[in-house]
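Take a look at the letters that make up each chain.
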Amino acid sequence: MEQFINIISELSPIIKSNNFTNIINLCEKLFPIKLGEGTTRIVYQLDDNNIIKIAKNNHGLQQNEYEYLAYQKFNQFNVLRKIYYMDLNKNYLIGENINTINIKQFNNLFNINYKEFIDNFAYLYHFKLNPKSICNNSFNPNQDNINLIYSKFNNLIELFKVFKPLQLREILDIDNIGIDKNNNLTIIDYGWIPSNLVK
């Protein structure tokens, strides 16, 4: 936490105002590198290793809280972006900077076609990890891909045993995954997790 003291102290006075616009305007000045923006939160780069997620509205506050709680609860699987700090008002999170990847990079890194990974992982999720799931069972799995998923993505499998029921294809969308410093698959954004899984 010591490396974030200066950031926390700079943000603290404006956070107390509870004004989303003022908070965002200050962050635009403090953090010139914007990594991404959605309808509820903005992500800025703090340095090579860390990011900050800023809530844009009340929904963003809730997502910050749920993401923080989810990391506290499920970090043992080493699949979620690390979250180091959340301010008391839930206006921002400080977390690990994860390198995003495209489909071609995914294919090369993990030696499996991304679409085949998603299709075969979905099969595992619905018919092996969650057998009560109601899903079209017409998909014919590729056993080589299934074996590769078990060998390379075992932590992800273990996470999804408790991370259910969720929209798997949205969670593992190429825009929502990346790689950490050790080239491990990492889920970048998970603030949308249902409250029953974290509370």
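Just above, that's the structure.
Residues numbered from 1 in each chain as written. Predicted model: local features only at pLDDT ≥ 70, side-chain atom pairs only at ≥ 80, totals over all residues. Heavy atoms only, no water.

**Q** Would you take a moment to explain the sheet that holds strand β7 (residues 177-179) for this structure?
**A** In sheet architecture, strand pairing relies on hydrogen bonds along the backbone and comes in two forms, parallel and antiparallel. Within the open sheet, the three strands sit side by side as β6-β7-β8. Their pairing is antiparallel. The sheet is open, and its two borders are formed by β6 (99-100) and β8 (185-187), each paired with just one other strand. Sheet analysis places β7 next to β8, joined by three bridges and oriented antiparallel. Bridge pairing links Ile177 to Ile187 in β8. Docked against the sheet, helix α4 (residues 103-110) engages β6, β7 and β8, running at close to 50° with respect to β7. (Pairing = 2+ DSSP bridges. Helix = DSSP H or I, 4+ residues; strand = E, 2+ residues; numbered from the N terminus. Contact = heavy atoms within 4.5 Å. Axes fitted to C-alpha atoms, helices over the stretch in contact; angles between N-to-C directions.)

**Q** What am I meant to see in the nonpolar core here?
**A** Here is a general trend for soluble globular proteins: nonpolar side chains tend to be buried in one another's company. One finds Phe106, Phe117, Phe121, Phe153, Leu156, Leu172 and Ile187 to be the most contacted residues of the largest nonpolar core, which totals 43 residues. Residue contributions to this core peak at eight residues, all from helix α5 (residues 114-129). Counting residues in each nonpolar core, the second largest holds 16 residues, with Phe4, Ile15, Leu46 and Ile94 among its members. (Core = buried A, V, L, I, M, F, W, Y, C linked by side-chain atoms within 4.5 Å. Buried < 20%, exposed > 50% of the residue type's maximum accessible area, 1.4 Å probe, protein only.)

**Q** What exactly am I supposed to notice about the pattern of salt bridges here?
**A** Side chains carrying opposite charge are able to pair once their charged atoms draw close together. Under the criterion given, the structure shown has 12 salt bridges. Close ionic contact of Glu37 with Lys56 constitutes a salt bridge, the shortest N to O distance being 2.8 Å. Separated by 19 residues along the polypeptide, Glu37 in strand β1 (residues 34-37) and Lys56 in the loop between β3 (50-55) and α3 (58-74) bring together distant segments of the chain. Residue Glu37 is classed as partly exposed on the basis of its relative accessible area, which comes to 45%. Assessed through its relative accessible area of 23%, Lys56 is described here as partly exposed. Lys90 is the partner of Glu65 in a salt bridge, and the nearest nitrogen-oxygen pair spans 3.4 Å. Of this pair, Glu65 sits in helix α3 while Lys90 sits in the loop between β4 (83-86) and β5 (92-96), placing them 25 residues apart in sequence. Residue Glu65 is classed as buried on the basis of its relative accessible area of 16%. (Salt bridge = Lys/Arg side-chain N within 4 Å of Asp/Glu carboxyl O.)

**Q** Help me understand the environment of Gly178, please; the structure alone is not making it clear to me.
**A** Inspection of the secondary structure puts Gly178 in strand β7. By relative accessible area, Gly178 is classed as buried at 0%. In sequence terms Gly178 and Gln72 are 106 residues apart; their C-alpha atoms lie 20 Å from each other. Those residues in contact with Gly178 that sit more than four places away from it in its chain are Ile98, Asn99, Thr100, Ile101, Asn184, Leu185, Thr186 and Ile188.

**Q** Which parts of the structure should I look at to understand the sheet that holds β5?
**A** Strand order across the open sheet formed by five strands is β1-β2-β3-β5-β4, with antiparallel pairing between neighbours. Where the open sheet ends on each side, the last strands, each with one partner, are β1 and β4. Shown here is a sheet whose adjacent strand axes are inclined to one another by a mean of 20°, direction ignored. Bridging between strand β2 (residues 41-45) and β3 involves five bridges; their strand directions are antiparallel. Bridge pairing links Gln45 to Ile51 in β3. Sitting on the sheet, helix α1 (residues 5-15) touches β3, β4 and β5, and the angle it makes with β5 is about 160°. Strands β1, β2 and β3 of the sheet are contacted by helix α2 (residues 20-30), whose axis makes an angle of about 155° with β3.

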